[in-house]
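# Results of the structural survey
Spelled out from the first residue to the last, the chains are:
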Amino acid sequence: MSSLCKTYFENENVSLKDYYSDNIYTWCTNCGNYGIAAATKRALVAENIEPKDTFMCFDIGCNGNGSDKIGGYRLHGLHGRVIPVATGAALANRNLSVIASGGDGATLSEGIGHLVHAIRSNYNITFLMHNNCNYALTKGQASASTRQDVPMDSSPDGTPSDTLNFMNFVLSLGASFAARTFSGNVQQMTEVIRAGIRHRGFSVIEILQNCPTYNKDTTHEWYQDRIYDTIEIKDYDNSNFDSALNISKDMSERIATGVLFANPNSVPFDQRLENRQNYSTELVDEVKSYNQISQELFSRFI
Ligand SMILES: Cc1ncc(C[n+]2csc(CCOP(=O)(O)OP(=O)(O)O)c2C)c(N)n1
């Protein structure tokens, strides 16, 4: 086994087997979610993070149907609400690696307010935005990222509203980490997710995802013809915000992928809390005794 494969599949404290779940995948054949699930597991193994130290939150949708296909602590929440759930976990225990997954439907509509505030608060979460440019689980409605005028099942004449460029939007909000990757490139996704996990703050990762059943517009081939990696740009400096903002704009001809921006001076939310600075315990440790007392009291009455 090459050393690269060894890191992805097996590491000092953890191996891919530890993230195994024997539940059967229910996604369509060729769905981008298969690659995303593989890359997420590989990234965790390559970062040597054990399932006990990981918390994965899933939104509702096809992306969320991955929640029981991976081992470890997981929570499958409400549509558009994955960021508040992840925030609670990240604040309760700063030692956890918190990974949140959401679709473009959830993130750009119901959940868009949560996204805005998570970016400005810089919670220490890795957020994977599965952008298949439609609401897939409810069968192909146009979302805010569906390309304008493209016919979808819910809008056969195309959607008249402008398309939202997610990465450009996220950068305009001042994200401390903004990356874009492609569901057809497991190796790049793995490396980008690793970088997101290592970043201290809210890491936004847009995954351009093909949806073979409901999105006949932005297909795997459509992306393959347009995407390029920022490593192909000579001297690209991903700590330069203006360069990132500039290359994030084009979503139709040449689409930039990789870590577009990572703020080296990012200060995550928990480090901004003066009253938690000198604590060696986590909030989750501090409520343990209260939980014990209430359990004892409760047991007396039943
Ligand atoms: C609050 C709420 N609104 C609507 C729904 C119905 N619903 C379930 S899945 C889904 C589509 C999800 O689309 P997206 O978030 O893009 O995820 P994908 O299925 O594409 O991964 C919708 C609208 C719901 N469950 N809860």
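Residues numbered from 1 in each chain as written. Predicted model: local features only at pLDDT ≥ 70, side-chain atom pairs only at ≥ 80, totals over all residues.

Going by an unreviewed UniProt entry, the chain carries the name 2-oxoacid:ferredoxin oxidoreductase subunit beta and comes from Candidatus Dojkabacteria bacterium.

### With respect to the nonpolar core
For clarity, the cut-off: Each nonpolar core consists of buried Ala, Val, Leu, Ile, Met, Phe, Trp, Tyr and Cys residues. Their C-beta atoms, within 7 Å, join them into a set. Backbone-placed C-beta atoms define the burial measure: a residue is buried with 20 or more other C-beta atoms within 10 Å of its own, exposed with 12 or fewer, and partly exposed in between. Secondary structure elements are taken from DSSP: a helix is a run of H or I of four residues or more, a strand is a run of E of two residues or more, and numbering for both begins at the N terminus. Here, residues touch in the contact sense if the C-beta positions derived from the backbone fall within 7 Å of one another.
By size, the foremost hydrophobic cluster in this structure holds 65 residues, and its most contacted members are Ala100 and Ala178. At seven residues, helix α2 (residues 33-46) tops the list of elements feeding residues into this core. Setting aside chain neighbours within four positions, we find Ala100 in contact with Cys57, Val82, Ile83, Ala86, Ile125, Phe127 and Leu128. The next biggest cluster of nonpolar side chains, apart from the first, holds seven residues, and it includes Trp27, Cys62, Tyr135 and Tyr214.

### Some words on the UniProt feature "domain: Thiamine pyrophosphate enzyme TPP-binding" (unreviewed entry) in the chain
Note the following rule: UniProt positions are given in the numbering used here, feature names are shortened, and annotations may be inferred rather than shown by experiment.
The sites that UniProt annotates as "domain: Thiamine pyrophosphate enzyme TPP-binding" (unreviewed entry) are residues 73-207. In the segment residues 73-207, helix accounts for 36% and strand for 22%; the C-alpha atoms at its two ends are 23 Å apart.

### Structural notes on the sheet that holds strand β3 (residues 97-103)
What counts here: Strand pairing requires that DSSP identify at least two bridges connecting the strands. Axis angles are defined between N-to-C directions and span 0 to 180 degrees, where every axis is a line fitted to C-alpha atoms and, for a helix, only to the segment in contact.
With mixed pairing, the eight strands of this open sheet are ordered in space as β2-β1-β3-β4-β6-β5-β8-β7. Strand pairing shows two members of the sheet lacking a second neighbour, β2 (73-76) and β7 (227-229), which therefore form its edges. For this sheet the average axis-to-axis angle between neighbouring strands, irrespective of direction, equals 20°. Sheet topology places strand β5 (residues 177-182) next to strand β6 (residues 202-208); six bridges connect them, and they run parallel. Bridging across to β6, Phe182 finds its partner in Leu208. This element, helix α7 (residues 186-198), spans β3, β4 (125-131), β5, β6, β7 and β8 (255-262) of the sheet and lies at about 165° to β5.

### Some remarks on the pairing of β8
Taking burial as the measure, the eight residues of β8 include eight buried ones, the bulk of the element. Where β5 lies against β8, four bridges are found, and the strand directions are antiparallel. In the strand pairing of β8, Arg180 is matched with Gly258. Of the strand pairs in this sheet, β7 and β8 are connected by three bridges, and their pairing is parallel.

### As for helix α9 (residues 241-248)
Stated formally: Of all possible arcs, the one meant is that of the directions from the helix axis to the C-beta atoms.
Among the residues making up α9, those that are buried are Ala244, Ile247 and Ser248. Each buried residue of α9 lies within a common arc of 105° when the element is viewed along its axis, so the set occupies one face. Considering only its buried residues, α9 is in contact with α6 (166-172), β5 and β8.

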